[in-house]
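# Structure at a glance
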Amino acid sequence: MKIKKSKLVFHPYILLFISILSVSVSSIMIKSSDTPTSVAGMYRLYMAVIIMLPFVPWKKVRSLQLGKKDWGIIFLAGLFLGLHFLCWMESLVYTSVASSMVILALQPLFVMIGSYFLFNERSNILTILCLIAALFGSVIIAWGDIGISREALIGDGLSLLGTIFISAYMLAGQKVSHKIGTNLYSVIVFFIGGSVMLVYSLLKHYSVTEYDSVDWTYFLLLAVIPTIFGQYIFNQLLKSLGATTVSVGIIGEPVLAIILAYLFLGETTSIFQFIGGFMTLLGMGGFFWTKSMNYTTAKNTVAKNTVAKN
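Everything in this summary refers to the structure shown in the same document.

A separate point is the packing of helix α2 (residues 37-52) against helix α8 (residues 182-203). Here α2 crosses α8 at 150°, and the two axes come no closer than 8 Å. Accordingly, the angle class assigned to the pair α2 and α8 is roughly antiparallel. Between α2 and α8 lies a crossing of left-handed hand. Here Ser38, Val39, Gly41, Met42, Leu45, Tyr46, Ala48, Val49 and Met52 of α2 come into contact with α8, specifically with Asn183, Ser186, Val187, Phe190, Phe191, Gly193, Gly194, Ser195, Met197, Leu198, Tyr200 and Ser201. Classifying every residue of the contact of α2 with α8 gives 13 nonpolar, eight polar and no charged.

Attention now moves to α8. In this model α8 runs 32 Å from its N-terminal to its C-terminal C-alpha over 22 residues, within 8% of the 32 Å that 1.5 Å per residue would give. Just downstream of α8, His205 is the residue with a positive phi angle, here 65°.

So, about the packing of aromatic side chains. Inspection of every chain in the model, using the stated rule, returns nine aromatic pairs. Aromatic pair Tyr46 and Phe191: ring centres 5.6 Å apart, planes at 35°, arrangement tilted. Placement of the pair is Tyr46 in helix α2 and Phe191 in helix α8, with a sequence separation of 145 residues. Of the residues examined, Tyr46 reaches a relative accessible area of 19% and is grouped as buried. Between the aromatic rings of Tyr211 and Phe219, the centroid separation amounts to 5.7 Å while the plane-to-plane angle is 80°, which identifies the pairing as edge-to-face. Just as Tyr211 is buried, Phe219 falls in that class too. An aromatic cluster is present here, built from Tyr43, Tyr211, Trp216, Tyr218 and Phe219 joined pairwise through their rings.

Here we come to the nonpolar core. The biggest cluster of nonpolar side chains holds 73 residues, and the ones touching the most others in it are Tyr169 and Phe190. Beyond its immediate sequence surroundings of up to four residues, Phe190 is in contact with Leu45, Ala48, Val49, Met52, Leu81, Tyr169, Thr227, Gln231, Tyr232 and Asn235.

Rules of the game
- Residues numbered from 1 in each chain as written.
- Predicted model: local features only at pLDDT ≥ 70, side-chain atom pairs only at ≥ 80, totals over all residues.
- Heavy atoms only, no water.
- Axes fitted to C-alpha atoms, helices over the stretch in contact; angles between N-to-C directions.
- Helix = DSSP H or I, 4+ residues; strand = E, 2+ residues; numbered from the N terminus.
- Parallel < 35°, antiparallel > 145°, perpendicular 65-115°, else oblique.
- Left-handed = near helix turned anticlockwise from the far one by under 90°.
- Contact = heavy atoms within 4.5 Å.
- Nonpolar A, V, L, I, M, F, W, Y, C, P; charged D, E, K, R; others polar.
- Expected span 1.5 Å × (residues − 1).
- Phe/Tyr/Trp six-rings, centres within 6.5 Å; stacked < 30°, edge-to-face > 60°.
- Buried < 20%, exposed > 50% of the residue type's maximum accessible area, 1.4 Å probe, protein only.
- Core = buried A, V, L, I, M, F, W, Y, C linked by side-chain atoms within 4.5 Å.

Take a look at the structure:
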């Protein structure tokens with residue numbers, strides 16, 4: 001997919017790095033809290049909605065040319081986001097973070113396949129090789145920690161479902177990204193996703209109000225850092241980069257999380273994590289380099305055509 005011209009203030013790959021870094025911080029924050037993950041996820045999305053509401057251009061809502069099918073896709077995107085969070089978090093009860101991470105790394109493959117059938121997007125051999133290198137690096141990172149048991153298989157199954165849901169979320173977002181503003185789209189899908197986790201929390205009889213000031217601060221930080229500076233930017237980049245490229249960027253989340261855990265939590269880094277992390281970053285770098293060349297070429301072509309018309 002060639003990168004489309006957009007009104008982004010910064011280069012899209014700078015924004016992609018910021019969003020990946022922001023999402024990576026969430027793993028550090030989650031480890032520092034004992035609140036139920038579904039409750040934290042619910043408030044993470046709900047608070048993000050409240051913060052973003054003043055920035056939604058409500059006057060333009062009536063002029064949106066969205067049919068019932070488009071609204072259905074938006075609703076499904078929010079549902080997929082909520083189900084992804086639930087399956088991913090629940091998978092960690094049964095299996096290791098490492099095992100779940102390897103399965104999550106399959107997301108770009110699912111998105112690439114979906115993009116081929118939905119948007120007729122084709123990737124060249126160099127791009128595919130770089131993606132394979134990044135995926136192989138993720139496997140190496142987790143190789144030393146993967147265990148096999150009946151419970152682990154249940155967790156792996158949930159992780160696979162979560163990966164399918166987040167892939168579907170990305171594809172749905174790309175499908176309607178050119179018809180609706182990112183702010184309005186994000187507010188809607190975040191609200192729906194938060195509502196999914198609210199229903200789950202109520203079914204599990206979790207308290208949704210009895211938390212102290214430290215927990216509420218934690219919820220707010222989750223809303224601002226990994227949600228607004230993470231998921232919101234992902235949604236924005238769907239218009240210019242596409243779901244496949246954004247998904248490849250997400251592969252770098254575990255690598256950055258390992259680095260942050262080493263710096264702030266004092267966790268040691270194994271040789272598997274070091275080698276796998278290096279290979280993942282190398283593969284991602286090659287993938288983004290090829291895509292960035294397309295972006296530069298497309299941008300220069302638009303500039304030349306504009307000059308020619310004038």
